[in-house]
Amino acid sequence: MTLKERTLRESLLWAKKKLEKSCERPQYEAELLLAYHLQKDRMYLITHDSDEVPNVEAYKKLVERREANEPYEYIVGEASFYDIHLQVEEGVLIPRPETEILIDLVADIIEKEGFTKIAEIGVGSGAISVVLARKFSHLKVIATDICDTPLKVAAQNIKTFGLEEQIELRKSNLIDEVSEDLDLVVSNPPYIAEDFLLESNVVDYEPKEALFGGRVGDELLKQIILDVKARNIKYLACEMGYDQKEPLEAFVKDLAVEYIKFYKDLAGFDRGFVIKFM
Ligand SMILES: C[S@@+](CC[C@H](N)C(=O)[O-])C[C@H]1O[C@@H](n2cnc3c(N)ncnc32)[C@H](O)[C@@H]1O
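Computed from a predicted model, the values in this text were never measured in an experiment.

Asker: Mind showing me how you'd approach unusual backbone geometry here?
Answerer: Glycine aside, the phi torsion of most residues is negative, and most peptide linkages are trans. We note that Gln 39 has phi near 55°; this positive angle belongs to a residue other than glycine. You can call Gln 39 exposed: its relative accessible area is 62%. Positive phi, normally seen in glycine, also occurs at Leu 174, with a value near 45°. Given a relative accessible area of 8%, Leu 174 falls into the buried group.

Structural data, given as structure tokens:
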């Protein structure tokens, strides 16, 4: 950035150009980052467009991180999800909008069945457990993760929303360390095949442990199904990949299930399932 690109308007023009290759909406993202840098809302940018940007070098650094494909949420340390904002950082999956569908399905079951005790496998930022606990004040959740950073970040989000009494975090492979009686298990586990080509903003920044489910991709999903069944837990609800319906349908055929119901995301892709065990 040269000396003359110092006002909000000039800085935004510069940033938009920088972000053209890496972002679908360069103007919008340039504005979001400037609003974050100034700790103001986007309307402020319009009403103060000839003001000088304080510490313009710091804004430039934010733009350059985004230009290098770092996700916006890691840069600002926050992701919006469902009706809340969650703290995120590298090492934790950025919660995705499609996971909101899984939450709504699980919420329906909890409500209809009057469930009070569930577990989540792979808590990440806490997205699923936090939203469910906020919906049902009587609900107790045991939320596991195999990695330390998600457990740390989830703990911060649980504290922010005052849910320490409802959500207990546990370091565990799947539900190995959970021996309590449970009504339901919910999970958005890693389900991507190891050799699947992902975009740079995902594969270069988001944790591999949150993305890849094995060589084929559905290995952890299958293990979760077996573990939940072995524990005589009535319901399992999981997110999955768009191409995993057939193999998972075949897999549960030989298990004693009352039903497996698949659901789609808003783009019409198969995205997950609910199993009721017999
Ligand atoms: C796709 S992320 C989901 C995070 C969060 N639940 C969400 O929906 O945004 C999967 C999470 O599962 C965790 N994980 C991976 N393998 C696991 C295992 N064997 N047992 C428990 N957690 C695991 C990862 O560390 C990661 O946090």
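Asker: Got a minute to help me understand the pairing of strand S1 (residues 78–81) in this structure?
Answerer: On any regular strand, side chains alternate: one points to one face of the sheet, the next to the other face. The two faces of S1 differ: Ala 79 and Phe 81 on one face are buried, but Glu 78 and Ser 80 on the other face are not. Sheet analysis places S1 next to strand S2 (residues 84–87), joined by four bridges and oriented antiparallel. What sits directly across from Phe 81, in S2, is Ile 84. Hairpin connection of S1 to S2: two residues between the antiparallel strands, including Tyr 82 at a positive phi of 50°.

Asker: Mind showing me how you'd approach the pattern of salt bridges here?
Answerer: In this structure the tally under the stated criterion is 15 salt bridges. The closest approach of N and O atoms between Lys 276 and Glu 258, which form a salt bridge, is 3.6 Å. Highlighted residues: Lys 276 in strand S11 (residues 270–277) and Glu 258 in strand S10 (residues 257–264), separated in sequence by 18 residues. Judged by relative accessible area, which is 15%, Lys 276 ranks as buried. For the salt bridge of Lys 264 with Asp 270, the shortest nitrogen-to-oxygen distance reads 3.3 Å.

Asker: Whenever I open this one, the site of the ligand confuses me. Can you help?
Answerer: The full set close to the ligand counts 21 residues, and Gly 122, Asp 145, Asn 173, Leu 174 and Asn 188 are the nearest of them. Here the ligand has 600 Å² of accessible area as a free molecule, and 95% of this is covered by the chains.

Asker: I would appreciate a short explanation of helix H2 (residues 26–38) in the present structure.
Answerer: Given 3.6 residues per turn, any residue in an α-helix points the same way as the ones three and four places further on. With 13 residues, H2 should reach 18 Å at 1.5 Å per residue; the first-to-last C-alpha distance of 18 Å fits that figure. Most of H2 sits out of view: 10 of its 13 residues are buried. For H2, the complete set of buried residues consists of Pro 26, Glu 29, Ala 30, Glu 31, Leu 32, Leu 33, Leu 34, Ala 35, His 37 and Leu 38. Of the surrounding elements, those touching the buried residues of H2 are helix H1 (8–19), helix H3 (42–47), helix H4 (56–67) and helix H5 (72–76). Positioned one or two residues after H2, Gln 39 has a phi angle of 55°, which is positive.

Asker: Any chance you could explain the sheet that holds S11 here in plain terms?
Answerer: Remark on secondary structure: sheet strands pair via backbone hydrogen bonds, oriented parallel or antiparallel. Taken in spatial order, the seven strands line up as S5-S4-S3-S6-S9-S11-S10 in an open sheet, and their pairing is mixed. In this open sheet, the two edge strands, each paired with only one partner strand, are strand S5 (167–171) and S10. Mean inter-strand twist for the sheet, computed between neighbouring axes without regard to direction, equals 15°. Across four bridges, strand S3 (residues 117–121) lies against strand S6 (residues 184–187) in parallel orientation. Bridged to Ile 121 within S6 is Ser 187. In this fold helix H11 (residues 219–230) packs onto S3, S6, strand S9 (235–239) and S11, with an angle of close to 170° to the strand it touches most, S9.

Asker: Mind showing me how you'd approach the packing of aromatic side chains here?
Answerer: What describes a pair of aromatic rings is the distance from one ring centre to the other and the angle between the planes of the rings. Summed over all chains, the structure comprises four aromatic pairs. Pairing Tyr 242 with Phe 269 gives two aromatic rings, centres 6.1 Å apart and planes at 65°, and the pair type is edge-to-face. With a gap of 27 residues between them, Tyr 242 in the loop between S9 and helix H12 (245–253) and Phe 269 in the loop between S10 and S11 connect regions that are remote in the sequence. Given the relative accessible area of 43%, Tyr 242 is considered partly exposed.

Asker: Help me out: how do you make sense of the environment of Tyr 259 in this one?
Answerer: Along the chain, the position of Tyr 259 falls in strand S10. Not counting the four nearest positions on each side in its chain, Tyr 259 is found in contact with Tyr 235, Val 274, Ile 275 and Lys 276.

Asker: Before we go on, may I ask you to explain the domain arrangement of the chain in this structure?
Answerer: Bring the parts together and some accessible area is lost; that lost area is often taken as the interface size. Here the domain parsing of the chain yields domain 1 (8–68) and domain 2 (90–277). A straight line from the C-alpha centre of domain 1 to that of domain 2 covers 36 Å.

About the thresholds
Residues numbered from 1 in each chain as written. Predicted model: local features only at pLDDT ≥ 70, side-chain atom pairs only at ≥ 80, totals over all residues. Heavy atoms only, no water. Buried < 20%, exposed > 50% of the residue type's maximum accessible area, 1.4 Å probe, protein only. Helix = DSSP H or I, 4+ residues; strand = E, 2+ residues; numbered from the N terminus. Pairing = 2+ DSSP bridges. Salt bridge = Lys/Arg side-chain N within 4 Å of Asp/Glu carboxyl O. Near = heavy atom within 4 Å. Areas by Shrake-Rupley, 256 points an atom, 1.4 Å probe, with all protein chains shown as cover. Expected span 1.5 Å × (residues − 1). Contact = heavy atoms within 4.5 Å. Axes fitted to C-alpha atoms, helices over the stretch in contact; angles between N-to-C directions. Phe/Tyr/Trp six-rings, centres within 6.5 Å; stacked < 30°, edge-to-face > 60°. Domains from an automatic or database assignment.

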